Amino acid sequence: MPDILLRPWPWYVAGPLIGLFAPLLLWLGNRMFGVSSNLRHLCSAIAPRGIPYLSYDWRREGGWNLAFVAGIVAGGALAGLVFRNPAPVAVAESTRAGLAALGIHDLGGLVPRELFTWSSLATVRGWIVIVGGGFLVGFGTAYAGGCTSGHGISGVANLEIPSFIALAGFFAGGLLGTFVVLPFVLGLR
Amino acid sequence: MTTPVETRADVELDDDDVHELSTEQLRDPSAPGLWIYLLVGTVFGIVLTKGEAISWFRIQEMFRFQGFHMFGIFATALPTAIIGVQLLKRRWRRTLAGEVIVVPPKHLGSGVRYAVGGTIFGLGWALTGACPGPLFALLGSGVTTMAVAIASAMLGTWTYGRVRHHLPH
């Protein structure tokens, strides 16, 4: 397979393309670009009972977005499986060293293989990273009313003060996670 | 808190009791079907993956301020999105099907939900290395344990729905 199809894209290619999705979805059908609403639509489809927040017509409100997210899964399969980059990610040397100090040495693939296997789910650190991290993402994005796409891109593109606050929160939480929680959790067995 | 325009799920269904006022009912029948969103989502998934925005390692590099890659992505994505959305709202004003473009505003309120919810979200982002879009892209790329992370994220959203009336907003 030609190397050009496998190679990762530099930020100056990926960034402007990512920015186009907010205006594109607005133009296509008055849709606000945002992925986290899908977590709500899926909950609404599965277990809405007794919860006003989840009691609405998820097919009508969220049909387009669920189709969009199904596309994301397909796109991930195309770019991450079929046209997978075989080389380890080219992160900074300091990041490589910092992660090695936490016991993460394998930089192949998109996630640390030591951490995201099924057997890792049976360890405390794997459970906290996958199950705990996932829960915080879902709870936090619902509370904040949007995620990196809905607030970070769409909301900021519409120049919304709430989205700038949320974006600052995303980063504050990320720093807390990176410098306090993750070093502690990765030390657990 | 209950003007009709903000009831669209697209941004946030801010009030529970007013879904019947949804603008979905007013939607032009000639608006594009679901297949177009599947297609656009596929392209988005490819860009996220090839741009390494779904890489756990890139997210760590970003939060450690050790590399420019993710900052470069945000620094070019945001101006593109801002210019595109503002041009659509102010200059072109119409969608492909000719509808007037409406961007429902977000309500600031006390701002607590954005600061606290955002911080909780960021903590989860650092641990999983993935926000919601990347969770799904990673699942597609073959990281099957992301199905557990997605299920757990759904449980988180569900839990928020259960306790939201006790939380400051």
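Residues numbered from 1 in each chain as written. Chains lettered and ligands numbered in written order. Predicted model: local features only at pLDDT ≥ 70, side-chain atom pairs only at ≥ 80, totals over all residues. Heavy atoms only, no water.

(A) Fine view of the overall build of chain B. When helices and strands are tallied, chain B shows six helices and zero strands. Taking all 169 residues of chain B together, the buried fraction comes to 60%. Long-range contacts, defined as pairs at least 24 residues apart, comprise 45% of the intrachain contacts of chain B with a sequence gap of at least 6. (Helix = DSSP H or I, 4+ residues; strand = E, 2+ residues; numbered from the N terminus. Buried < 20%, exposed > 50% of the residue type's maximum accessible area, 1.4 Å probe, protein only. Contact = heavy atoms within 4.5 Å.)

(B) Spatial organisation of the nonpolar core. If you look at the biggest cluster of nonpolar residues, it comprises 89 residues, and the most contacted ones within it are Phe68 and Phe116 of chain A together with Phe44, Trp56 and Trp125 of chain B. Ranked by residue count, the leading element in this core is helix α3 (residues 69-92) of chain B, at eight residues. (Core = buried A, V, L, I, M, F, W, Y, C linked by side-chain atoms within 4.5 Å.)

(C) Here's a closer look at the packing of aromatic side chains. Scanning the entire structure with this criterion turns up 22 aromatic pairs over all chains. Between Phe135 of chain A and Phe139 of chain A, the ring centres sit 6.3 Å apart and the planes meet at 15°, which makes this aromatic pair stacked. Of the two residues, Phe135 of chain A and Phe139 of chain A are both situated in helix α6 (residues 124-144); the distance of four residues between them amounts to about one turn of the helix. Seen in terms of ring centroids, Phe139 of chain A and Tyr143 of chain A are 6.2 Å apart; in terms of plane orientation they differ by 70°. Their pairing is edge-to-face. With Phe139 of chain A and Tyr143 of chain A both in helix α6, this residue pair falls four residues apart, about one helical turn. The two residues Phe139 of chain A and Tyr143 of chain A agree in class, both being buried. A connected cluster of aromatic rings, assembled from ring pairs, spans Phe170 and Phe171 of chain A together with Phe63, Phe65, Phe71, Phe121 and Trp125 of chain B. Positioned above the aromatic ring of Tyr53 of chain A, the side-chain terminus of Arg40 of chain A is 3.7 Å from the ring centre. (Phe/Tyr/Trp six-rings, centres within 6.5 Å; stacked < 30°, edge-to-face > 60°. Lys NZ or Arg CZ within 6 Å of the ring centre and 35° of its normal.)

(D) Spotlight on the pattern of salt bridges. Inspection of every chain in the model, using the stated rule, returns five salt bridges over all chains. A salt bridge links Arg7 of chain A to Asp3 of chain A, with the nearest nitrogen and oxygen atoms 2.9 Å apart. Judged by relative accessible area, which is 43%, Arg7 of chain A ranks as partly exposed. By relative accessible area, which is 45% here, Asp3 of chain A ends up partly exposed. Between Arg58 of chain B and Glu52 of chain B there is a salt bridge, and its shortest N-O distance comes to 2.9 Å. Look at Arg58 of chain B and you get buried, because its relative accessible area is 8%. Classification of Glu52 of chain B as buried rests on a relative accessible area of 5%. Connected through shared salt-bridge partners, Glu52, Arg58 and Glu61 of chain B make up one network. (Salt bridge = Lys/Arg side-chain N within 4 Å of Asp/Glu carboxyl O.)

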